[in-house]
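Listed here are the chains, written in short residue letters.
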Amino acid sequence: MDFLNRRYPPMSRRRRIYEGKAKVLYEGPEPGTLIQHFKDDATAFNNKKHDVIDGKGVLNNRISEYIFLKLNEIGVPTHFIKRLNMREQLIREVEIIPLEVVVRNVAAGSLSTRLGIEEGTQLPRSIIEFYYKNDQLNDPMVSEEHITAFGWATTQEIDDIIALAIRVNDFLSGLFLGVGIRLVDFKMECGRLWENDLMRIVVADEISPDSCRLWDIKSNDKLDKDRFRRDMGGLVEAYSEVARRLGIIAENERVQGGPVLVKSEPTEQPET
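## A look at the overall build of the protein chain
And step 1. For the protein chain, the helix and strand inventory stands at 6 helices and 16 strands.
And step 2. Within the protein chain, buried positions represent 51% of all 272 residues.
And step 3. Of the contacts formed within the protein chain by residues at least 6 apart in sequence, a portion of 59% connects residues at least 24 apart.
And step 4. Working note: accessible area of the protein chain is about 13100 Å², and carbon and sulfur atoms make up 50% of it.

Structure below.
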């Protein structure tokens, strides 16, 4: 398929496949593809808290693009094909596994609340947790026994997901450490990618400050969605700082209340 030299229909003429809290999925130009549109909506506590923050979707699109490109380069399979514009990506259609995979390196958020561990405590080792994706149930934490018993994933798929989570965590920890940011934890989603009769587990959805806890190494300033959850303000500024350190945005340019992103032409991505 010629993904790199194709004109894409305007949003108004696309068939909407799914709309979530922060993204919309549209039918793609070829079978097995989708267009993922990043919204400016900010949500927390399963949409109990909601706002629209100008520029957030643009930043998440570019940061997630950067990370998925790097993952593809080191051989971690993902659904990402290429970025189309400031808010949209072309992705492979996958069968999403109804699990949120959370990798924790430092105690924070619900882990600190559940276990009474002071936030900021370095964990003795990285911990992988599974949560059942169901907003009506508030995404309950589940065990591998629940996952296999209810058919959400097989034992082999769980092993594949854990292996991917470990690789992604190792990569992201080093990536962010190199720009003075501590990866406290992150959420990852996976999907089944079917290629003829073969299936493999790939990283899907997004990886951005919406799905990571990122702290400045020196000051412990939060550069992630906790700024919205905890009414700290400055969310776009924090996301912009992450993008700036990764070399994604220009220093002084601004648009829509947020930064202008450099290298605005879509990035080509080889098949993985």
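## Description of the pairing of strand β12 (residues 181-195)
And step 1. Taken across its 15 residues, β12 has 11 buried, putting it largely inside the fold.
And step 2. Here 4 bridges tie strand β9 (residues 99-106) to β12, and the two strands are oriented antiparallel to one another. When the sheet's bridge partners are listed, Val102 is paired in β12 with Lys187.
And step 3. Summarising the sheet, β12 and strand β14 (residues 212-216) pair through 5 bridges and their orientation is antiparallel. By the bridge assignment for β14, Asp185 is matched with Arg213.
And step 4. Both β12 and strand β13 (residues 198-204) contribute to a ladder of 7 bridges, which runs antiparallel. Its bridge partner lying in β13, Glu195 is registered against Leu198.

## Focus: the pairing of strand β10 (residues 122-132)
Both faces of the sheet carry side chains from a regular strand, because those side chains alternate between them.
And step 1. Bridge count between β9 and β10: 7 bridges; the pairing is antiparallel. Paired with Val106 across the bridge in β10 is Gln122.
And step 2. Examined bridge by bridge, β10 and strand β11 (residues 141-142) share 2 bridges and lie antiparallel to one another. Bridge assignment links Phe130 to a residue of β11, and that residue is Val142.

## Overview of unusual backbone geometry
Most peptide bonds take the trans form, and the phi angle of most residues other than glycine is negative.
And step 1. Unlike most non-glycine residues, Asp139 shows phi in positive territory, near 50°.
And step 2. Along the polypeptide, Asp139 turns up in the loop between β10 and β11.
And step 3. Even without being glycine, Asn196 reaches a positive phi, approximately 60°.
And step 4. Inspection of the secondary structure assignment puts Asn196 in the loop between β12 and β13.

About the cut-offs
- Residues numbered from 1 in each chain as written.
- Predicted model: local features only at pLDDT ≥ 70, side-chain atom pairs only at ≥ 80, totals over all residues.
- Heavy atoms only, no water.
- Helix = DSSP H or I, 4+ residues; strand = E, 2+ residues; numbered from the N terminus.
- Buried < 20%, exposed > 50% of the residue type's maximum accessible area, 1.4 Å probe, protein only.
- Contact = heavy atoms within 4.5 Å.
- Areas by Shrake-Rupley, 256 points an atom, 1.4 Å probe, with all protein chains shown as cover.
- Pairing = 2+ DSSP bridges.

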